[in-house]
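What follows is the residue order along each chain.
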Amino acid sequence: MLRNILFRGRAPQPISPAPPVSRPAARPPRRQRARHAVAASALAIVVAGLGLAVPASGAAGAAPADLAPADVERAKVAPAAHSPDIAPAAEAAPAAVSRLGTAGNKIVNAAGTPVQLRGVSVLAPRHNAECPECNPRPISDVIDMTVSDGWQSDVVRLPVTVWGSLSVEDNVAQYVDPYVQQAVDLGIYVIVDLHYVSDYGSSGVPQSTVSEFWDYVAPLYADVPNVIYEVFNEPVAPASWPTWKAYIQPVVDDIRAVAPDTLLLMGGPQWSTYVNQAAADPIAGNDIAYVYHLYPNQGDATAANLDAKFGNAAQQIPVILTEFGWNPPGEFSDPVVTQGTTSGWGIPLRQYLDARPHISWTAWIFDNYWKPQMFDHDWNLLGGEHQGAMIKAWLAEQPYASPCASHAAVGATAVASSSGSASSGAAKAVDGDCTNAGRWLSAAGDTTPTLTITLDAPTVVDQIDVYSGFVGGGSVNVLRDFAVEVHTSAGWQRAAVFDDNTSGLVSAPGPAAAVDQVRLVVTDPSNYDPDVARVFEVAVRAG
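First, a word on scope: everything that follows refers to the structure included in this document. Not measured: the values here are computed from a predicted model. (Residues numbered from 1 in each chain as written. Predicted model: local features only at pLDDT ≥ 70, side-chain atom pairs only at ≥ 80, totals over all residues. Heavy atoms only, no water.)

1. Overview of helix α9 (residues 303-311)
As a reminder of what qualifies: Only protein chains enter the accessibility calculation, which uses a 1.4 Å probe; a residue is then buried when its area is under 20% of its type maximum, exposed when over 50%, and partly exposed in between. In this description a helix means any DSSP run of H or I spanning at least four residues, a strand means any run of E spanning at least two, and both kinds are numbered starting from the N terminus. Note that the arc is computed from the directions linking the helix axis to the C-beta atoms.
Taken together, the buried positions of α9 are Asn305, Leu306, Phe310 and Gly311. For α9, the arc enclosing every buried residue in end-on projection is 150°, short of the 170-degree limit, so these residues lie on one face.

2. Thoughts on the packing of aromatic side chains
The condition is simple: Each Phe, Tyr or Trp ring (for Trp, its six-membered ring) is paired with any other whose centre lies within 6.5 Å, and the angle between the two planes then decides the class: stacked below 30 degrees, edge-to-face above 60, tilted in between.
Counting across every chain of the model gives 21 aromatic pairs. Taken together, a centroid distance of 5.5 Å and an interplanar angle of 90° make the contact between Phe232 and Trp244 edge-to-face. Residue Phe232 is found in the loop between β9 (227-230) and β10 (234-235), and its partner Trp244 is found in helix α6 (residues 241-258); the two are separated by 12 residues along the sequence. Across the pair, exposure class does not vary: Phe232 and Trp244 are buried alike. Between the aromatic rings of Phe375 and Trp379, the centroid separation amounts to 5.1 Å while the plane-to-plane angle is 55°, which identifies the pairing as tilted.

3. Overview of the pairing of strand β23 (residues 537-542)
The following threshold applies: For two strands to count as paired, DSSP must find a minimum of two bridges between them.
With respect to burial, β23 is a largely interior element, 5 of its 6 residues being buried. Across 6 bridges, the pairing between strand β17 (residues 450-467) and β23 is antiparallel. Bridge pairing links Ile464 to Val540 in β23.

4. Details of the state of the cysteines
The following threshold applies: When two cysteine sulfur atoms are found within 2.5 Å, that pair is recorded as a disulfide.
Summed over all chains, the structure comprises 2 disulfides. Across the disulfide, Cys131 is cross-linked to Cys134 (sulfur-sulfur distance 2.1 Å). Disulfide Cys131-Cys134: the torsion about the S-S bond is 65°, which places it as right-handed. Residue pairing for Cys404: its cysteine sulfur links by disulfide to Cys434, the two sulfurs lying 2.1 Å apart. Taken together, the residues span a long stretch of sequence, with Cys404 in the loop between α11 (388-395) and β15 (413-416) and Cys434 in the loop between β15 and β16 (440-441) at a distance of 30 residues. Assessed through its relative accessible area of 0%, Cys404 is described here as buried. Described in terms of the sequence order of its bonded cysteines, the disulfide pattern of the protein is 1-2, 3-4.

5. Regarding the packing of helix α5 (residues 207-220) against α6
Note the following rule: In this analysis, axes come from line fits to C-alpha atoms, helices being fitted only over the stretch in contact, and the angle between any two N-to-C directions falls in the range 0 to 180 degrees. Should an angle fall under 35 degrees it is called roughly parallel, over 145 degrees roughly antiparallel, and 65 to 115 degrees roughly perpendicular, with every other angle called oblique. For any helix crossing, the convention is left-handed if the near helix is rotated counterclockwise from the far helix by under a right angle, and right-handed if that rotation is clockwise. Contacts: residue pairs with any heavy atoms within 4.5 Å of one another. Three classes are used, and their members are as follows: Ala, Val, Leu, Ile, Met, Phe, Trp, Tyr, Cys and Pro are nonpolar, Asp, Glu, Lys and Arg are charged, and the others, Gly among them, are polar.
Orientation of α5 relative to α6, taken along the N-to-C sense of each, is 15°, at an axis distance of 9 Å. By the criterion of interaxial angle, the relationship of α5 to α6 is roughly parallel. Both α5 and α6 take part in a crossing whose hand is right-handed. Counting all contacts with α5, which are made through Gln207, Val210, Ser211, Trp214, Asp215, Ala218 and Pro219, the residues of α6 involved are Ala246, Tyr247, Ile248, Pro250, Val251, Asp254, Ile255 and Val258. The residue makeup of the contact of α5 with α6, split by class, is 11 nonpolar, 2 polar and 2 charged.

6. Topic: the pattern of salt bridges
The line we're drawing: Basic side-chain nitrogens of Lys or Arg form a salt bridge, by our definition, when they fall within 4 Å of a carboxyl oxygen of Asp or Glu.
Tallied over the full model, the rule gives 14 salt bridges. With its nearest N and O atoms 3.3 Å apart, the salt bridge here joins Arg350 to Asp354. Within this pair, Arg350 and its partner Asp354 are both found in helix α10 (residues 342-354), separated by 4 residues, close to a single helical turn. For Asp354, a relative accessible area of 30% puts it in the partly exposed group. As a salt-bridge pair, Asp500 and Arg480 come within 3.5 Å of each other at their nearest N and O atoms. Linking Asp500 in the loop between β19 (491-498) and β20 (505-509) with Arg480 in the loop between β17 and β18 (481-488), this pair joins segments that are 20 residues apart in sequence. Linked through salt bridges whose partners overlap, the residues forming this network are Arg118, Arg350, Asp354 and Glu397.

7. What to know about a negative patch on the surface
Inclusion rule: Within the patch definition used here, like charges are joined within 9 Å and nonpolar side chains (Val, Leu, Ile, Met, Phe, Trp, Tyr) within 5 Å, considering only residues with over 30% relative accessible area and no salt bridge. The Shrake-Rupley method, run with a 1.4 Å probe sphere, supplies the accessible areas, and residue values consider only the shown protein chains as cover. Counted as positive: Lys and Arg. Counted as negative: Asp and Glu. His and the chain ends are not counted at all. Just so you know, the charge point we use is NZ for Lys, CZ for Arg, CG for Asp and CD for Glu.
A cluster of acidic residues, Glu169, Asp170, Glu212, Asp215, Asp253 and Asp254, forms a negative patch on the protein surface. On the secondary structure map, Asp253 appears in helix α6.

8. Brief notes about the sheet that holds strand β13 (residues 319-324)
Through backbone hydrogen bonds, the strands of a sheet pair up, either in parallel or in antiparallel fashion. Pairing in this closed barrel of 8 strands is parallel, and the strands run β5-β6-β7-β9-β11-β12-β13-β14 around the ring. On average, each strand axis in the sheet is inclined to that of its neighbour by 25°, with strand direction left out of account. The pairing of strand β5 (residues 118-121) with strand β6 (residues 155-160) spans 3 bridges and is parallel. Within β6, the residue paired with Gly119 across the bridge is Val155. Where α11 meets the sheet, its contacts fall on β5, β13 and β14 (360-363), and the angle it forms with β5 comes to roughly 145°.

9. Side note on the nonpolar core
Rule in force here: Nine residue types can take part in a nonpolar core, namely buried Ala, Val, Leu, Ile, Met, Phe, Trp, Tyr and Cys, and a core is a set of them joined through side-chain atoms within 4.5 Å.
Val192, Phe213, Trp214, Tyr229, Phe310, Phe324 and Ile391 are the most contacted members of the largest nonpolar core, which totals 91 residues. No other element matches the 7 residues that α6 contributes to this core. Ignoring any residue separated from it by four or fewer positions in sequence, one finds Phe310 in contact with Val275, Tyr292, Leu294, Val319, Leu321, Tyr352, Leu353 and Ile359.

10. Notes on unusual backbone geometry
The omega torsion across Ala237 and Pro238 is 10°, close enough to zero to call that bond cis. When you line up the elements, Pro238 lands in the loop between β10 and α6. Along the chain, Asp529 connects to Pro530 via a cis peptide bond; the corresponding omega equals 10°. Here Pro530 lies in the loop between β21 (514-524) and β22 (534-535). In this structure, Asp149 is a non-glycine residue whose phi angle is positive, near 55°. Among the structural elements, Asp149 can be located in the loop between α2 (139-145) and β6. Its identity as a non-glycine residue notwithstanding, Trp379 has a phi of 70°, on the positive side.

As structure tokens, this is what we get:
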């Protein structure tokens, strides 16, 4: 069970005006953790003495919906260093975190100040070391990584899988409690995520099974402000909000009876995508934020698309993305849901969420195996069009340039057989912009569009990346069949051929010789009306 920790209080700040809070440059590494033997009743007295009362949802004094980013605190704390040379009773207590709740459409701290949680999900501990070709690490080491070496997570999401022979009590003792304790030691928040991906009710997970888990877990950490409960990760079907609400409301009521102040995160049907329905008919109860899960198969990360999916709802209810992620096609992405690029999907998503700090998030997944992972199998950080390096920079509030913004062909001379409009000329294919504003379109009726790029000087080329902007999950092939060709002193040669393409990014290898021209020959523009080739960028990577 949890070894209860004596908290050191943080004086509440006035609600208005909220002082700006800057993040530390980095968190110090965690030293040996110590367990403090403090009775739960004593802990409750300490917490109460800190004035950690949480305003009820929609209470008077709730923060306005149109807060600027500077008006929202990062939900961060600095961990206290532990020394193995000091007896536990004499050690400095870890830095306390503020109890979180909700007010209006915001997650707020105990003082009522809006906060934004930002962090990562780790692998469900029961599934560690399942990858035979991976270099496994203990989950405790992985959690330490999320707050060290430039990573600055405020919160770690801990998936809890419950299938198997273990009782709830044994499952929690082995795979939950040590990591909750670790989060307390680190001074960060931890989301205990009941990680079902399943139908619910008569055709899936019985309500009694969910209740059994929370009947045990909810009172266990009720007095620990670091802990947040995600009640059901991804209910799938029935795809009905009223059916889901009738199923989950009694569970929420039971949690509230024993954990009246713990922040609850509420998913919904269709893999936790029903926040619009939640905004129209919220779950009854205080301090509930609503979960949305977002991946590239749901479309481009444009404001119009994201507003319709969860952004408009977030103006009415608290919303948190507890899962999102992407990787380009290949071994680190699945073929349907997560295929996307940092240039075309990750950076626009970051811009959208940075402009809406009332929406909290945890990225999926801080791992070297489950997809879309942030590390390769040997724990090397995946960068470029993979998500790992950008998520790390984002957590540290550091800029991260699009990988298509700088390459050997930016600004080179480009000539196309046709262009769809005056605003989509051939130069757009080498302008370093992988968004809709930087795309070349062929003209309708051009059945074999050709784009030729002349480099400023012969260049040894490692690979040529072709960005079509396609994000997957639909039936439209926006750059269907094409070949990439390169010109050397020996003439033109074919580098690669792609048929029935449904990827936003494909790569062709460069030749051994220096290249002075690159050519894209499209043999089937799309299966779309109008039938045009859509190319966001042809990025020539120097060797």
